Amino acid sequence: MKRMEEMILSEGKVLPGGVLKVGSFLNQQVDTNFMREIGDEIARLYKDDGATKILTIESSGIPIAISAGFAMGLPVVYAKKNKSSNVSGDVYYTPVKSFTHGDTNNVVVAKEYISPEDRVLIVDDFLAHGSALTGLIDIVDQAGAALVGCVAAIEKGFQLGGDKLREQGYRVESLAIVDEMTDDGITFRPQY
Ligand code: G4P
């Protein structure tokens, strides 16, 4: 998505440790007009795949998933992060280790919100090492639902999570893929 690359170039800041700060439009402050464009692009990518539900993870995936939900006319379910190792109740859960933060959360979704009849599209803001998407895929599998595919707003190609998932046969679409970023500039993977 050309506009995503333009927004990253104009507003993104490269931080030490391979972190791209996009707080001005995607993470903390949300550019709502741009969010509408993101939703439309996700709808365009997955218009023929019969999704019945969008699944994301709190917190920064939520605005993107809601925009896609509006554009596709679909409900959005968001997984919650629970630091406690004890999870009880009628829930699907899976541990997700964050490479960026170095901690592990149980990712939890109430069973009533995903059923075996669902065709699920997974949406998130960043795809880095792929832990969050792998956890959400595990939840879709536990529910016996079908996975339509995954979308990340921004993939950090140099952290390889997206390519590993594609090698496993999953459809993973990223609106922009950053293959390299230094203080001198950002290189995107050609996609169109
Ligand atoms: P992974 O899921 O692909 O393996 O990613 P990783 O563990 O490295 O990322 C953990 C968290 O850090 C995620 O947010 C992810 O969105 C965020 N993140 C990863 N790389 C970047 C980056 O370069 N820039 C920014 N802004 N965020 C990044 P989270 O901890 O789940 O928090 P939340 O913001 O969704 O609440």
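Above: the structure in question.
Because the structure is predicted, anything quoted here is derived from the model rather than measured. (Residues numbered from 1 in each chain as written. Predicted model: local features only at pLDDT ≥ 70, side-chain atom pairs only at ≥ 80, totals over all residues. Heavy atoms only, no water.)

> Teacher, can you tell me more about helix H4 (residues 131–143) here?
Each α-helix turn comprises 3.6 residues. Residues three or four places apart therefore point the same way. Between its first and last C-alpha, H4 extends 19 Å over 13 residues, near the 18 Å set by a 1.5 Å rise per residue. One or two positions beyond H4, positive phi appears at glycine 144, with a value near 75°. (Helix = DSSP H or I, 4+ residues; strand = E, 2+ residues; numbered from the N terminus. Expected span 1.5 Å × (residues − 1).)

> Would you explain the environment of valine 14 in this entry?
Note on placement: valine 14 falls in strand S1 (residues 13–15). Taking the relative accessible area as the measure of exposure, valine 14 reaches 25% and is therefore partly exposed. Excluding residues that lie within four positions of it along the chain, valine 14 makes contacts with Val19, Leu20, Met181, Thr182, Asp183 and Ile186. (Buried < 20%, exposed > 50% of the residue type's maximum accessible area, 1.4 Å probe, protein only. Contact = heavy atoms within 4.5 Å.)

> Sorry, what's going on with the packing of helix H1 (residues 2–11) against helix H2 (residues 32–45) here?
Angle between the axes and distance between the axes are the two parameters that describe a pair of packed helices. Where H1 meets H2, the closest approach of the two axes is 10 Å, and the angle between their N-to-C directions is 145°. Here the hand of the crossing between H1 and H2 comes out left-handed. Contact with H1, carried on its side by Arg3, Met4 and Met7, involves Phe34, Glu37 and Ile38 of H2 and no other residues of that element. Of the residues that constitute the contact of H1 with H2, the class distribution is four nonpolar, no polar and two charged. (Axes fitted to C-alpha atoms, helices over the stretch in contact; angles between N-to-C directions. Left-handed = near helix turned anticlockwise from the far one by under 90°. Nonpolar A, V, L, I, M, F, W, Y, C, P; charged D, E, K, R; others polar.)

> How do you make sense of the nonpolar core when you look at a structure like this?
Within the largest apolar cluster, 35 residues are counted, with the highest numbers of intra-cluster contacts made by Met4, Ile38, Ile42 and Ile154. The leading source of residues in this core is H2, at six residues. Leave out the neighbours within four places in its chain, and isoleucine 154 touches Met4, Ile8, Leu20, Val22, Leu26, Asp125, Phe126, Leu127, Ala176 and Val178. Formed by 23 residues, the second largest nonpolar core is a distinct cluster that contains Ala79, Val107, Leu127 and Ile137. (Core = buried A, V, L, I, M, F, W, Y, C linked by side-chain atoms within 4.5 Å.)

> Before we go on, may I ask you to explain the environment of valine 91 in this structure?
Along the chain, valine 91 turns up in strand S5 (residues 91–97). Beyond its immediate chain neighbours, meaning those up to four positions away, valine 91 contacts Val108, Val109, Ala110 and Lys111.

> Sorry, what's going on with the sheet that holds strand S3 (residues 53–57) here?
Picture the strands of a sheet paired through backbone hydrogen bonds; they go either parallel or antiparallel. Taken in spatial order, the eight strands line up as S5-S6-S4-S3-S7-S8-S9-S10 in an open sheet, and their pairing is mixed. Single-partner strands in this sheet number two, and they are S5 and strand S10 (185–188). Each strand axis lies, on average, 25° off the axis of its neighbour in the sheet, ignoring direction. In the sheet, S3 pairs with strand S4 (residues 76–82) via four bridges, with the strands oriented parallel. Directly across from isoleucine 57, in S4, lies its bridge partner alanine 79. H2 rests against strand S7 (119–127), strand S8 (146–156) and strand S9 (172–182) of the sheet, and its axis sits at about 120° to S9. (Pairing = 2+ DSSP bridges.)

> Even after reading the chapter, I still don't get the site of the ligand, so can you show me in this structure?
Looking at the ligand, there are 21 residues lining it, with Leu20, Ser59, Lys81, Thr100 and Ser131 nearest. Here an oxygen atom of the ligand sits 2.7 Å away from a polar atom, N or O, in the main chain of alanine 128. Glycine 130 places a main-chain nitrogen or oxygen 2.8 Å from an oxygen atom of the ligand. Starting from 710 Å² of accessible surface for the ligand in isolation, the protein chains cover 84%. Tallying contributions element by element places S7 first for the shell around the ligand, with three residues. Among the residues making up the shell around the ligand, the classes are represented as seven nonpolar, 10 polar and four charged. (Near = heavy atom within 4 Å. Polar contact = N/O pair within 3.5 Å; in protein donor to acceptor, adjacent residues only side chain to side chain. Areas by Shrake-Rupley, 256 points an atom, 1.4 Å probe, with all protein chains shown as cover.)

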